[in-house]
Amino acid sequence: MNRLLVAGGLVAAVLVLGGATTVSAEPMEAGKAFTKLTRGFVNIITGWVEIPKRIQETSETSGAAAGFTWGLLRGIGHGFIRTAAGFYEFFTFPFPAPPGYEPVIQPTYVFTSEESGSSYSK
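Every chain begins its residue count from 1, and numbering advances along the sequence as written. Residue-level local features of this predicted model are given only where pLDDT is at least 70; pairs of side-chain atoms are given and counted only at 80 or more, and the full residue set underlies all totals for whole chains, interfaces and linings. Water and hydrogen atoms were dropped before computing side-chain values, which therefore reflect all heavy atoms in the structure.

1. Quick word on the pattern of salt bridges
Thinking step 1. Any Lys or Arg side-chain nitrogen located within 4 Å of an Asp or Glu carboxyl oxygen qualifies as a salt bridge. In the structure shown here, the tally under the stated rule is six salt bridges.
Thinking step 2. For E50, the salt bridge goes to R82, with nearest N and O atoms at 2.7 Å. On the criterion of sequence distance, the pair formed by E50 in helix α3 (residues 50-62) and R82 in helix α4 (residues 64-91) is long-range, its members being 32 residues apart.
Thinking step 3. Classification of R82 as buried rests on a relative accessible area of 1%.
Thinking step 4. One connected set of salt bridges, linked through shared partners, spans E50, R54, E57, R74 and R82. Numbering of helices and strands runs from the N terminus, with a helix taken as a DSSP run of H or I at least four residues long and a strand as a DSSP run of E at least two residues long. Burial classification: accessible surface area is computed with a 1.4 Å probe over protein chains only, and a residue below 20% of its type maximum counts as buried, one above 50% as exposed, and the rest as partly exposed.

Pasting the structure below:
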């Protein structure tokens, strides 16, 4: 058991150190880093909005019963993913990962439509 913990710790250390060297190869761009920080913060705060958004979408396409069952489940899943992506971007904002500080989730914000990239309004 002890050897397994030591081996796991070594693997984790190699992954962290290996990732740190590849991430730091690109210089930090302050404007893009700040955008990533802001994007992460907004997604942390608004992740829960995925729940009513997905309920509404599912209700429009499949009816109210599906909206309040399947839509609710979809909303919880999308909300969890958006919030987790927000935390990732918030805490890794100084590092250009993914390359060029690109968003890790699409659409970038909960209020952005998937189809057009414009603000979500229905």
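2. Concerning α3
Thinking step 1. Helix span is expected to be 1.5 Å times the residue number reduced by one. Between its first and last C-alpha, α3 extends 17 Å over 13 residues, near the 18 Å set by a 1.5 Å rise per residue.
Thinking step 2. Restricting attention to buried positions, one finds in α3 the residues E50, K53, R54, I55, E57 and T58.
Thinking step 3. Elements in contact with the buried residues of α3: α2 (30-46) and α4.
Thinking step 4. One or two positions beyond α3, positive phi appears at G63, with a value near 105 degrees. Contacts between residues were defined by any pair of non-hydrogen atoms, one from each residue, lying within 4.5 Å.

3. Re the packing of α3 against α4
Thinking step 1. Only the contacting stretch of a helix is used when fitting its axis, a line to C-alpha atoms as for every element, and angles between N-to-C directions run 0 to 180 degrees. As a packed pair, α3 and α4 sit with axes 7 Å apart at the nearest point and diverge in direction by 145 degrees. Once α3 is placed against α4, the crossing between them reads as right-handed. Helix crossings get a hand from a simple test, with the near helix turned counterclockwise from the far one by less than a right angle marking a left-handed crossing and a clockwise turn marking a right-handed one.

4. Side note on the packing of aromatic side chains
Each aromatic ring pair is characterised by the separation of its centres together with the angle its planes make.
Thinking step 1. Think of it this way: a Phe, Tyr or Trp ring, Trp meaning its six-membered ring, pairs with another when their centres are within 6.5 Å, and the plane angle makes it stacked under 30 degrees, edge-to-face over 60, tilted otherwise. In the structure shown here, the tally under the stated rule is three aromatic pairs.
Thinking step 2. Summarising the aromatic geometry, the rings of F41 and F90 are spaced 6.5 Å apart at their centres and angled 40 degrees between planes, so their arrangement reads as tilted. Highlighted residues: F41 in helix α2 and F90 in helix α4, separated in sequence by 49 residues.
Thinking step 3. The class for F90 is partly exposed, based on a relative accessible area of 27%.
Thinking step 4. Grouped by ring-pair contacts, the aromatic residues F41, F87, F90 and F91 constitute a single cluster.

5. Description of unusual backbone geometry
Thinking step 1. With an omega of -5 degrees, the peptide bond running from A97 to P98 counts as cis.
Thinking step 2. Tracing the chain through its elements places P98 in the segment after α4.
Thinking step 3. Between Q106 and P107 the backbone carries a cis peptide bond, its omega angle lying at -5 degrees.
Thinking step 4. Position of P107 among the secondary structure elements: in the segment after α4.

6. As for the packing of α2 against α4
Thinking step 1. α4 packs onto α2 with a crossing angle of 150 degrees between their chain directions and a minimal axis gap of 7 Å. When the axis of α2 is compared with that of α4, the two are roughly antiparallel. The handedness of the crossing between α2 and α4 is left-handed. From α2, K36, L37, R39, G40, F41, N43 and I44 reach across to α4, where they touch R82, T83, G86, F87, E89 and F90. Angle categories: roughly parallel below 35 degrees, roughly antiparallel above 145, roughly perpendicular from 65 to 115, and oblique for all the rest.

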